[in-house]
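# Observations on the three-dimensional arrangement
Next come the chains, spelled out residue by residue.
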Amino acid sequence: MSNFISYNINEKYATSVAYFSMEFAIHQALKLYGGGLGFLAGSHMRSAYDLGQNMIGVGILWSYGYYDQARDKDRNLKIEFRRKKYYFLKDLEISVDVVINSKIVKVKPFLLESEIFNTAPVILLSTDIEDNDYLSRTITHRLYDADEETRIAQEIVLGIGGAKVLEALHIKPKIYHINEGHALPVVFELYKKCKTFDALQQKIVFTTHTPEAAGNEEHRTALLHKMGFFAELSIDEIQQFTESKGDIFNLTIGALKAAKISNGVSLIHTKIANKMWSHVQNRSEIIHITNAQNRRYWADKGVLTALDEHEDYELEARKKHLKRVLFDEVANQTGKMFDPNILTIVWARRFAEYKRPGLLKYDFEKFLELVNREDMPVQIIWAGKPYPFDTGAITIFNEINYISSNLKNVAVLIGYELNLSLMLKKGADIWLNTPRITKEASGTSGMSAAMNGAINLSTLDGWHPEFEKNSVNCFTIPAVDPNLANEEQDIIDNKNLMDILFNEVIPMYYSNSEKWVNIMKNSMTDTINAFDSGRMVHEYYSNMYDAK
């Protein structure tokens, strides 16, 4: 592996690790991500570089990325797929054969070298090459393709193709880290050499990222076998491995049973995951390593300097400058002129029902009262990408977009990728996070927002309970019973959210700037100390890779 790593390896992190992930958010120019999983993987690669870890990423070179977010003639969301070209990737000049649905498919690797974006090196796999027929080429066209067989084929390319490429390049990792269940076929490819699952387990660690069904994929065992997901193993061998004669194969269960150790991505998520998978016999222990984000990439240097030098005036001035930068983009996209002196609330992340992008407007009369205030006014920005085939999430996006069209101080932005995400986190006063409790595994956007002086206003889910000191480093929406019907939860959470905004957040911003700045500083300090991804990648080595 040392041939591919241009930086000096720290002896504390000498164990060689291949980190398999379906998506990586590394740089705006490299569009290989859809949401939080990619943002997390990108910070992992950056911090592996910072700490000198002996790690290489393995992912897929998506020809069309996730999708390009545009607007139609009526300014509704428009999904576009445009082919991407990346001339800064290195052709490794080999290919490997992978059997998918009884057909040989050529998988070609390209290398993102460490020095391009100051990350661990990342090998990116493509089937979109002239050696393959058209159908085979489409496997690596779109991240998370909606077609079931294509999705399975993508996972075979990542897992089996990734293992074969590493072998062809004479890279022999001691540990294979499966970041979510997509890369599970690597286990079955490695089994051919290990011969027993006990021997294989010592090479595998697994991170589970979500309690949501969509993140814990299931397929018919017979279909997976037909597609080649299990490499050369028979259905009988797979059923022996899973200790189940069922017709359905769950990727998360497979990974939990294959790994020597697994982890959830926050304390609350780990408790939920252990309960959720308690029925699975002979699975690996699920420990907690809370997600984090890379300060070097995400935090504004001017804000950090003002914090370090205890210059409150400079901190406020820098924050207003960053708001102006964001508001130039608001004007560019929407024609609306926002004021840097006005409290600005941002909700920005992947649009999904459980994240409740519309919670703020749930009581619409109260929402209009909020946005039509003349004394102590507010500005609100929404941004984020729904899954391109999730009609429910797209409808929510378009509904909020329509509401905003009649309000000069409410904007909905498109193009939610790394650059816009940076802009929003640097320009937000309040970072609003509204998932239903127990549904958000981590929610790392609030970490990188806090590094830039945005104050989190959040439900008690994901990473937030480990961080929050209400009215000291954040504002917290009180917990509701997650067993209540969704509508009841929404009513209670909306009322509590509005009470906090009207009675605490807005008056403090305009009438007690000293306390506001103290909360900003506490938030930045607490996040940088505990939620920089240097801590996270160190814990992966000490608690998982090197665990006996």
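Everything below is about the structure printed above this text.
## What to know about the overall build of the chain
- A count of helices and strands for the chain gives 21 helices and 22 strands.
- Computed over its C-alpha atoms, the radius of gyration of the chain comes to 23 Å, within 12% of the 24 Å expected for a compact globule of 548 residues.
- Overall, the chain is about 70 × 45 × 45 Å in size when its C-alpha atoms are taken along their principal axes.
- Here the chain holds 548 residues, and the buried ones make up 62% of them.

## Remarks on the pairing of strand 11 (residues 175–179)
- Burial runs high along strand 11: 5 of the 5 residues are buried.
- Covered by surrounding structure in strand 11 are I175, H177 and N179 together with Y176 and I178, the residues of both alternating faces.
- Taken together, the 4 bridges between strand 1 (residues 17–20) and strand 11 define a ladder with parallel strand orientation. By the bridge assignment, A18 is partnered in strand 11 with Y176.
- Where strand 11 meets strand 12 (residues 204–207), 4 bridges bridge the pair, whose relative direction is parallel. Bridged to I178 within strand 12 is F206.

## A short note on the sheet that holds strand 17 (residues 343–348)
- Taken in spatial order, the 6 strands make up an open sheet running 19-18-17-20-21-22, and their pairing is parallel. Every other strand in the sheet has two partners, leaving strand 19 (410–413) and strand 22 (475–476) as the edge strands with one partner each.
- Bridge analysis of strand 17 against strand 18 (residues 378–383) gives 6 bridges, and the strand direction is parallel. Opposite T344, over in strand 18, you have Q379 as the bridge partner.
- Strands strand 17, strand 20 (430–433), strand 21 (455–458) and strand 22 of the sheet are contacted by helix 20 (residues 513–530), whose axis makes an angle of about 85° with strand 21.

## Observations concerning a nonpolar patch on the surface
- Together, Y362, I491 and I492 line one region of the surface with nonpolar side chains, adding up to about 250 Å² of accessible area.
- Structurally, Y362 is set in the loop between strand 17 and helix 14 (364–371).

## Re a negative patch on the surface
- Together, D308, E309, E311 and E314 line one region of the surface with negative charge.
- Relative to the elements of secondary structure, E311 occurs in the loop between helix 12 (301–308) and helix 13 (312–334).
- Its relative accessible area of 37% is what places E311 among the partly exposed residues.

## A look at unusual backbone geometry
- The residue E93 is not glycine, and still its phi comes out positive at about 60°.
- One can find E93 in the loop between strand 7 (90–91) and strand 8 (96–100).
- The exposure class of E93 is exposed, given its relative accessible area of 68%.
- Even without being glycine, N118 reaches a positive phi, approximately 55°.
- Here N118 lies in the loop between helix 2 (114–117) and strand 10 (122–126).
- Looking at N118, the relative accessible area reads 31%, which means it is partly exposed.

Criteria and thresholds
- Residues numbered from 1 in each chain as written.
- Predicted model: local features only at pLDDT ≥ 70, side-chain atom pairs only at ≥ 80, totals over all residues.
- Heavy atoms only, no water.
- Helix = DSSP H or I, 4+ residues; strand = E, 2+ residues; numbered from the N terminus.
- Rg over C-alpha atoms; globule rule 2.2 N^0.38 Å.
- Buried < 20%, exposed > 50% of the residue type's maximum accessible area, 1.4 Å probe, protein only.
- Pairing = 2+ DSSP bridges.
- Contact = heavy atoms within 4.5 Å.
- Axes fitted to C-alpha atoms, helices over the stretch in contact; angles between N-to-C directions.
- Patch = residues over 30% accessible without salt bridge, like charges linked within 9 Å, V, L, I, M, F, W, Y side chains within 5 Å.
- Areas by Shrake-Rupley, 256 points an atom, 1.4 Å probe, with all protein chains shown as cover.
- Salt bridge = Lys/Arg side-chain N within 4 Å of Asp/Glu carboxyl O.
- Lys, Arg positive; Asp, Glu negative; His and termini not counted.
- Charge placed at Lys NZ, Arg CZ, Asp CG, Glu CD.

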